[in-house]
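Chain residues, written in single-letter form:
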Amino acid sequence: MKQFIDLLKNSEYCVVFTGAGVSTLAGIKDFRGKNGLYNTAGADAEKIFDIDYFRKDPSFYYRAAKNFIYNLEDKVPAIVHTELARLEKMGIVKAVITQNIDLLHQKAGSKKVIEVHGSPEIHRCRKCGKIFHFNEIVPVVQKDEVPKCDRCGGIIKPDITFFGESLPPMAVDEAIYEASKADLMVILGSTLVVQPAASFPLYALRNGGKLVIVNNMETPLDYLAVQRYDDLETVFNYISENLK
């Protein structure tokens, strides 16, 4: 791990890519892990973020997400979030590209966060386009109601990218731009199987960047990493103590 710290110190443009594994340390379920949402929520779990199913029955999403997304005010950033924010302040981390939709990087203090799967911070009426903020929607969902527009009565949907929708193009372009500049890209808590987000590290590789991967499951890019670790908490406790 001392070699990892040396890589961080000597990098000129370090970009971090985070997946759901980072948030499990904050008590948020991941998706594909052993105790992840898709393995514990039953046969219909993959319908939670399916746009066709949302159009048919939005209540299914809001019921399933009530204690997964709409209780985020109770969640506290974990050590990975806080250390990445600190490394950004030190000038080491230039950007965080995240697949996560839990807003914890921002809560920890990271300024340059690119949310490639969208964000629940903004919700929109599917009928008239009126924008609602996360804290307006939470009380409605917590009452087991489907949020509806106060202007036209339309169903409100979060700006999260559901299966069947395209990723937000501006965020994708920005992620590709940042990854292409990275001389060091650190992948944290992602299995790197969800495309196209999982291809971002390849942009760093093509431009001569190095990869470091920390994840408790294998990834398709493990063989290309200059360093590979399993345990996020161990690695970031070490960074906290040894990179000042």
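Here the structure is a predicted model, which is why all the values come from computation and not from measurement.

Student: So, empty space enclosed by the protein: which residues are in play, and what are the values?
Tutor: Summed over the entire model, instances satisfying the criterion amount to 2 cavities of 30 Å³ or more. In this structure, the largest cavity spans a volume of roughly 40 Å³. Along the walls of the largest cavity sit Phe4, Leu8, Val16, Leu84, Leu87, Val93, Val186, Leu188, Phe236 and Ile239, which together make up its complete lining. When residues of the lining of the largest cavity are traced back to their parent elements, those giving at least two are α1 (2-10), α6 (79-89), β7 (184-188) and α11 (232-242). When the residues that make up the lining of the largest cavity are grouped by side-chain class, the tally is 10 nonpolar, no polar and no charged. Roughly 30 Å³ of internal volume is contained in the second largest cavity. Along the walls of the second largest cavity sit Thr98, Asn100, Asp102, Leu103, Leu104, His105, Gln106, Val113 and Glu115, which together make up its complete lining. Among the elements of the structure, α7 (104-108) and β3 (113-115) are those that each provide at least two residues to the lining of the second largest cavity. Counting residues per element, the lining of the second largest cavity draws most heavily on α7, at 3 residues.

Student: Tell me about the pattern of salt bridges, residues and numbers included.
Tutor: With the rule as written, the count across this model stands at 11 salt bridges. Across the salt bridge formed by Lys112 and Glu174, the nearest N and O atoms sit 2.8 Å from each other. Of this pair, Lys112 sits in the loop between α7 and β3 while Glu174 sits in helix α9 (residues 169-181); the two residues are 62 residues apart in sequence, bridging distant segments of the chain. Using a relative accessible area of 28% as the deciding quantity, one classes Lys112 as partly exposed.

Student: Please provide a residue-by-residue account of the sheet that holds strand β9 (residues 227-229), values included.
Tutor: Pairing within the open sheet is parallel, and its 6 strands lie in the order β3-β2-β1-β7-β8-β9. Each edge of the open sheet is held by one strand with a lone partner, namely β3 and β9. Looking at each pair of strands side by side, their axes are set apart by 15 degrees on average, direction ignored. Bridge analysis of strand β8 (residues 210-214) against β9 gives 3 bridges, and the strand direction is parallel. Looking at β9, one finds that Val214 is bridged to Tyr229. Where α9 meets the sheet, its contacts fall on β1 (14-18), β2 (93-98), β3 and β7, and the angle it forms with β3 comes to roughly 130 degrees.

Student: With reference to specific residues and values, describe the pairing of β8.
Tutor: Here β8 lies mainly inside the structure; 4 of its 5 residues are buried. In this structure, β7 lies alongside β8, joined through 5 bridges in parallel fashion. Considered in β8, the bridge of Val186 is made with Val212. The parallel pair β7 and β8, bridged by helix α10 (residues 200-206), forms a crossover whose chirality is right-handed.

Student: Residues and numbers for the side chain of Lys66, please.
Tutor: Among the secondary structure elements, Lys66 is positioned in the loop between α5 (58-65) and α6. When neighbours within four sequence positions are excluded, Lys66 is seen to be in contact with Asn71, Val141, Gln142 and Asp144.

Student: Please set out the packing of aromatic side chains residue by residue, giving values where relevant.
Tutor: Scanning the entire structure with this criterion turns up 14 aromatic pairs. Ring geometry for Tyr53 against Phe60: centres 5.1 Å apart, planes inclined by 75 degrees, an arrangement best described as edge-to-face. Here the two residues Tyr53 and Phe60 agree in accessibility, since each one is buried. Three or more aromatic residues joined by ring pairs make a cluster, and in this case those are Phe49, Phe54, Tyr61, Tyr62, Phe68, Tyr70, Phe134 and Phe162. Against the face of Phe162 rests Lys157, its NZ or CZ located 4.3 Å from the ring centre. Taking NZ or CZ as reference, Arg206 lies 5.1 Å from the ring centre of Tyr203, over its face.

Student: How would you sum up the sheet that holds strand β4 (residues 118-125)? Please name residues and give values.
Tutor: What the 3 strands build is an open sheet, ordered β5-β4-β6; its pairing is antiparallel. Edge positions in the sheet fall to β5 (131-133) and β6 (156-160), since each of these pairs with one other strand and no more. The sheet shows a mean angle of 35 degrees between the axes of neighbouring strands, direction not considered. Bridge count between β4 and β5: 3 bridges; the pairing is antiparallel. Paired with His123 across the strands is Phe132, a residue of β5. Together, β4, β5 and β6 form the strand contacts of helix α8 (residues 134-142), whose direction differs from that of β5 by roughly 75 degrees.

Conventions used here
Residues numbered from 1 in each chain as written. Predicted model: local features only at pLDDT ≥ 70, side-chain atom pairs only at ≥ 80, totals over all residues. Heavy atoms only, no water. 1 Å grid on protein atoms, 1.4 Å probe; cavity = no way out; pocket = protein on both sides within 12 Å on 5 of 7 lines; lining within 4 Å. Points joined across faces, edges and corners; volume = space filled by probe spheres on them. Helix = DSSP H or I, 4+ residues; strand = E, 2+ residues; numbered from the N terminus. Nonpolar A, V, L, I, M, F, W, Y, C, P; charged D, E, K, R; others polar. Salt bridge = Lys/Arg side-chain N within 4 Å of Asp/Glu carboxyl O. Buried < 20%, exposed > 50% of the residue type's maximum accessible area, 1.4 Å probe, protein only. Pairing = 2+ DSSP bridges. Axes fitted to C-alpha atoms, helices over the stretch in contact; angles between N-to-C directions. Contact = heavy atoms within 4.5 Å. Right-handed = clockwise from strand over helix to strand, strands pointing away. Phe/Tyr/Trp six-rings, centres within 6.5 Å; stacked < 30°, edge-to-face > 60°. Lys NZ or Arg CZ within 6 Å of the ring centre and 35° of its normal.

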